[in-house]
Amino acid sequence: MYNYDIFVKELDELKEDQEMELQVRDLAPGIHKYAYKWVKAKVSANPDTYPQKLQIRFGRGQAYENAYSIQVLGEVNKFPQKYL
Amino acid sequence: MKYYKDNREYIAALEKNNDLVRIKEEIDWDMEAGAIVRKVCEDKAPSPVMENIKDYPGHRYFGAPIATYPRLATVLGLDPNSSIPEIADEYLKRTKGNPPAPKILDKSEAPCKENIITGNDVDLLKLPAPMVHEGDGGRYLGTWHFIVAKDPDNGDVNWGMYRTMVYDSKTMVGPVLPFSDMGKMLHGKCAPRGKTLPFAMVIGPDPISAIASCAPSSIPEPELAGLMMGESVELVKCETCDLEVPAHAEIIIEGEILPDFQLDEAPFGEYTGYRTSPREPRTVYRVNCITYRNDPITTISNMGVPTDEGQLLRSFSLGLELEKLLRSQGIPITGVFMPPESTHHMMVVGVKPIYSNIAAQIAQLAFGSKLGPWFHQVVVVDDSIDIYNYAEVFHAFTTRCHPKDGIHVWDGVGTPLNPFATKFERTWSKGPKVLFDCTFPVDWDKNDLPRLVSFKTIYPQDIQEKVLARWADWGFNRK
Ligand SMILES: Cc1cc2nc3c(=O)[nH]c(=O)nc-3n(C[C@H](O)[C@H](O)[C@H](O)COP(=O)(O)O)c2cc1C
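In this text, all values refer to a predicted model and were calculated from it rather than measured experimentally. (Residues numbered from 1 in each chain as written. Chains lettered and ligands numbered in written order. Predicted model: local features only at pLDDT ≥ 70, side-chain atom pairs only at ≥ 80, totals over all residues. Heavy atoms only, no water.)

**Some words on the overall build of chain B**
Thought 1: Within chain B one finds 13 helices and 21 strands.
Thought 2: Relative to a compact globule of 479 residues, whose C-alpha radius of gyration would be 23 Å, chain B shows 24 Å and is just as compact.
Thought 3: For chain B, the spread of C-alpha atoms along the principal axes amounts to about 80 × 55 × 45 Å.
Thought 4: Expressed as a percentage of the 479 residues in chain B, the buried residues total 57%.
Thought 5: Taking the intrachain contacts of chain B between residues at least 6 apart in sequence as the baseline, contacts between residues at least 24 apart amount to 71%.
Thought 6: Total accessible area on chain B is roughly 19,900 Å²; 53% of this is exposed by carbon and sulfur atoms. (Helix = DSSP H or I, 4+ residues; strand = E, 2+ residues; numbered from the N terminus. Rg over C-alpha atoms; globule rule 2.2 N^0.38 Å. Buried < 20%, exposed > 50% of the residue type's maximum accessible area, 1.4 Å probe, protein only. Contact = heavy atoms within 4.5 Å. Areas by Shrake-Rupley, 256 points an atom, 1.4 Å probe, with all protein chains shown as cover.)

Shown next as structure tokens:
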């Protein structure tokens, strides 16, 4: 049911309704599940604000019980150009 | 000398020993395979071979490859019921002598070259990296594998087992601890010069090469593997870099380790039985070639509560290396045993206590050695105790270790994986160390020494024999 998940140390790293650069994992079933990508996105603690569901996980893998929502606005490349 | 050239031969041997279960039903790579391997480890059940992996037709898994002593005995060509000292003797026998140089095979003779993928076609997600535990930071392709790298200055080759998480189609990430051999190459030589370090990751290595890669031996691992096999290990040249890999391995991933760019890795279930080390920026592997055998078999070790192969083998080989170290210093030890259940945190040493503070000398040598970061408890018992007998060691520990004078604490080097360590200690690889001296002080009057009250020590030989001779007749079980 979740589309993406994200690891955070603290919930307040996620600034609601502001465009942020985030490192998320794609949870779509299939061989690409759990692959990481950097995206520009907006998130909300309200699970219905944005079209897709975001699962929050903390540093030791614990899942936060409340669903967030997310709108992915595009992918961002963080890899140094020399290694691409 | 008996050995298995690849996991296929080894799997056949385990099957013959009734120590293997083939699962033909479809198994999900997403936690289900991990759960199977975890339960196998906790139950000491036979190794599973999973022949039908969801989303990955043609691929197979081999779980918990060396998670028990009977499997380790099998790898070393022994009867699976051999005792730990018998396995240790064989291991020591096989690690002595002149190591043979590796033999380089032609590509046409190397099964790991049956399929070669380079350039844009490289996609790590086409390999069935399992999601080993719920909540892990990602899918781990490197759980029972090793990484080959060459020192940029002196050309020394290192094989080391350093876990790797799949980040995306072309990238893996994992911890390479600064005091490991590859850590020294990477952090000490490549990073300051801004130079990448070519690597090859070997998935599904034959069992002896796997053991060599995680053994704390001073012999270079390809030679150590040959020494343990009794003949040269067969290698083949990589496609895209100046490295050689075991020709009979299942999957090879080639690429470069980046000196100046890190990505977040973890959490991951670790050998201590916890998810401890924090998610943080770690070493990045960029991939540019994958080669593999037909119907490749990915090895899975599932680290968690004891016993998995990391705990078993590292306890075993660390214990033996420490034994060699103490013997080389002329200390009159009876042996060293690291119980795998301690996740190689406890070193039990038996010694003839012929002078004062011999236990402190043992602990200082052990903690001060290259292996010191991996354990933090040394328990020294006298030569009357069987170090492999948990009940005897525990009894000695609880009765002979003086709570003030018998416990000695020092600072030392630790790992970020220590569950007991503070955040500061984990970050800076600091590790407190403790010695439990369970020997009676040699300066005590011999006549004042507490006398062990046991059947074997308190009764005259003739009484013992008389009782034992009639024991079974009275209806007791003979033991
Ligand atoms: C299953 C397993 C996973 C391991 N993962 C890591 C790791 O991620 N990073 C690390 O530095 N050492 C890891 N180790 C420990 C090294 O393999 C070990 O220190 C080995 O001896 C490498 O030795 P070297 O650095 O002395 O060559 C692991 C060991 C095992 C058995």
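Now that the structure has been shown, the text picks up again.
**Examining the nonpolar core**
Thought 1: Among the nonpolar cores identified, the biggest contains 68 residues, and L72(B) and V245(B) are the most heavily contacted of them.
Thought 2: Excluding residues that lie within four positions of it along the chain, L72(B) makes contacts with I66(B), I87(B), I211(B), L312(B), L313(B) and F316(B).
Thought 3: Listed in part, the 43 residues of the second largest apolar core include F7(A), L322(B), W374(B) and L435(B). (Core = buried A, V, L, I, M, F, W, Y, C linked by side-chain atoms within 4.5 Å.)

**Remarks on the packing of aromatic side chains**
Thought 1: Under the definition given, this model contains 22 aromatic pairs over all chains.
Thought 2: Plain terms: the ring middles of W471(B) and F476(B) are 4.0 Å apart, the flat faces sit at 15° to each other, and that makes the pair stacked.
Thought 3: Looking at W471(B), the relative accessible area reads 28%, which means it is partly exposed.
Thought 4: By relative accessible area, which is 42% here, F476(B) ends up partly exposed.
Thought 5: Linked through ring pairs, F58(A), Y64(A) and Y68(A) together constitute an aromatic cluster.
Thought 6: Between the NZ or CZ atom of K78(A) and the centre of the ring of W38(A), over which it lies, the distance is 4.9 Å.
Thought 7: When the ring centre of W374(B) is taken as origin, the NZ or CZ atom of R314(B), which lies over that ring, is 4.6 Å away. (Phe/Tyr/Trp six-rings, centres within 6.5 Å; stacked < 30°, edge-to-face > 60°. Lys NZ or Arg CZ within 6 Å of the ring centre and 35° of its normal.)

**Let's talk about the packing of helix 6 (residues 207-214) of chain B against helix 7 (residues 221-229) of chain B**
Residues and elements named next belong to chain B.
Thought 1: Running from amino to carboxyl end, helix 6 crosses helix 7 at an angle of 135°, the nearest separation of the two axes being 9 Å. The angle between helix 6 and helix 7 falls in the class oblique. Handedness of the crossing formed by helix 6 with helix 7: right-handed. Facing I208, S209, I211, A212 and S213 of helix 6, the residues of helix 7 in contact are E221, L224, A225, M228 and M229.
Thought 2: Partitioned by chemical class, the residues of the contact of helix 6 with helix 7 number seven nonpolar, two polar and one charged. (Axes fitted to C-alpha atoms, helices over the stretch in contact; angles between N-to-C directions. Parallel < 35°, antiparallel > 145°, perpendicular 65-115°, else oblique. Left-handed = near helix turned anticlockwise from the far one by under 90°. Nonpolar A, V, L, I, M, F, W, Y, C, P; charged D, E, K, R; others polar.)

**With respect to the site of the ligand**
Residues and elements named next belong to chain B.
Thought 1: Residues in contact with the ligand amount to 19 residues; listed here are only the nearest, M161, R163, P175, D181 and K370.
Thought 2: The separation between an oxygen atom of the ligand and a polar side-chain atom of Y162 is 2.9 Å.
Thought 3: A distance of 2.6 Å separates an oxygen atom of the ligand from a polar backbone atom of D181.
Thought 4: Protein chains shield 93% of the accessible area of the ligand, which is 630 Å² for the free molecule.
Thought 5: In terms of residue class, the shell around the ligand is made up of nine nonpolar, five polar and five charged. (Near = heavy atom within 4 Å. Polar contact = N/O pair within 3.5 Å; in protein donor to acceptor, adjacent residues only side chain to side chain.)

**Comments concerning the interface of chain B and chain A**
Thought 1: Across the boundary between the two partners, chain B contributes 35 residues, which contact 21 residues of chain A.
Thought 2: Across the chain B-chain A interface, the total number found is three salt bridges.
Thought 3: Between R57(A) and E134(B) there is a salt bridge; the shortest N-O distance is 2.9 Å.
Thought 4: Secondary-structure elements contributing two or more residues to the side of chain B that touches chain A are strand 9 (164-168), strand 14 (251-265) and strand 15 (280-292) of chain B.
Thought 5: With six residues, the single largest contributor to the side of chain B that touches chain A is strand 14 of chain B. (Salt bridge = Lys/Arg side-chain N within 4 Å of Asp/Glu carboxyl O.)

**Focus: the sheet that holds strand 4 (residues 52-57) of chain A**
Residues and elements named next belong to chain A.
Thought 1: Ordered by their spatial adjacency, five strands build a closed barrel running 1-2-3-5-4, and the pairing between neighbours is mixed. For this sheet, the mean angle separating the axes of adjacent strands, direction not counted, is 55°.
Thought 2: With six bridges joining them, strand 3 (residues 36-44) and strand 5 (residues 68-75) adopt antiparallel strand pairing. Following the sheet pairing, K40 is matched in strand 5 by G74. (Pairing = 2+ DSSP bridges.)

**A look at the packing of helix 4 (residues 84-94) of chain B against helix 8 (residues 309-328) of chain B**
A packed helix pair is summarised by two numbers, namely the angle formed by the two axes and the spacing between the axes.
All names here are of chain B.
Thought 1: For the pair helix 4 and helix 8, interaxial distance at closest approach is 11 Å and the crossing angle is 65°. Classified by the interaxial angle, the pair formed by helix 4 and helix 8 is roughly perpendicular. As helix 4 runs across helix 8, the sense of the crossing is right-handed. Seen from helix 4, the contacting residues are I84, I87, A88, Y91 and L92; seen from helix 8, they are F316, S317, L320 and K324.

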